[in-house]
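Each chain, written out:
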Amino acid sequence: MRKIDKLLCIIIAVVVGVATFFLKVDYSKIAAEGLTLSSIVLAVYVAAIIGLINTDLAKKMATTLSAPKSEYTQLGQLTAYFKHASAYAIATIIISSLILLVPEQQPDTPNPVIDILNQVLSVSGMMVYALNLLFLGLILRFMLNRQIWNK
């Protein structure tokens, strides 16, 4: 993965995590959508991988370096993007499922353990959701650039 993309991931994760914590954002309000988004992007990633197998574009990407001084070929770079994107999609599914399973706090019986668990899950959920969207954009940009490049 390119250094600029790694740096972008770190910056987005930190900014979203800090903002979620200080603004007390409740990820449970979008957990169902996070679950849906992640399921859809996983299907898209699998379809994209299957669609690339044994194509001329994949063969061309396998022999072309992704940057002048890069250790990765373009296909290797795309594989790295898919690995990270799939990991964040699966993490989003797991965190969204946990959020949906944690019982709602009753106002008359506060439980600090559930409060802390909800806060940790909300911060984690928002971070992986944001990274999920980032990798969706990175992969789309990468694939579109290669399709244009292949013409």
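Since the model is a prediction, treat every value here as computed from it, not as a measurement.

1. Comments concerning the nonpolar core
Y27, Y45, L78, Y81, F135 and I139 are the most contacted members of the largest nonpolar core, which has 34 residues in total. Elements with a contribution of two residues or more to this core: α1 (3-23), α2 (31-52), α3 (56-63), α4 (74-101) and α5 (112-150). When residues of this core are assigned to their parent elements, the largest contribution, 13 residues, is made by α5. With near-sequence residues (within four places) excluded, L78 lies in contact with L52, M61, F142 and M143.

2. Details of the side chain of N132
Within the secondary structure layout, N132 lies in helix α5. Among residues more than four places away in sequence, those in contact with N132 are L37, S38, V41, Y45, A85, Y88, A89 and T92.

3. Points about the packing of α3 against α4
Their axes nearest at 5 Å, the elements α3 and α4 cross at an angle of 100°. Relative to α4, α3 is oriented roughly perpendicular. On α4, the residues touching A58, M61 and A62 of α3 are Q74, L75 and L78. Grouping the amino acids of the contact of α3 with α4 by side-chain chemistry returns 5 nonpolar, 1 polar and no charged.

4. What to know about α2
Helix length check: α2, at 22 residues, gives a terminal C-alpha distance of 31 Å against a target of 32 Å (1.5 Å per residue), a fit within 8%. Restricting attention to buried positions, one finds in α2 the residues A31, G34, L37, S38, V41, Y45 and L52. All buried residues of α2 project into a common sector of 105° when viewed along the axis, lining one side. In α2, the exposed positions that point more than 90 degrees away from the buried face belong to I40 and I50. Among the residues trailing α2, N54 stands out with phi positive, at a value near 60°.

Rules of the game
Residues numbered from 1 in each chain as written. Predicted model: local features only at pLDDT ≥ 70, side-chain atom pairs only at ≥ 80, totals over all residues. Heavy atoms only, no water. Core = buried A, V, L, I, M, F, W, Y, C linked by side-chain atoms within 4.5 Å. Buried < 20%, exposed > 50% of the residue type's maximum accessible area, 1.4 Å probe, protein only. Helix = DSSP H or I, 4+ residues; strand = E, 2+ residues; numbered from the N terminus. Contact = heavy atoms within 4.5 Å. Axes fitted to C-alpha atoms, helices over the stretch in contact; angles between N-to-C directions. Parallel < 35°, antiparallel > 145°, perpendicular 65-115°, else oblique. Nonpolar A, V, L, I, M, F, W, Y, C, P; charged D, E, K, R; others polar. Expected span 1.5 Å × (residues − 1). Arc of directions from axis to C-beta.

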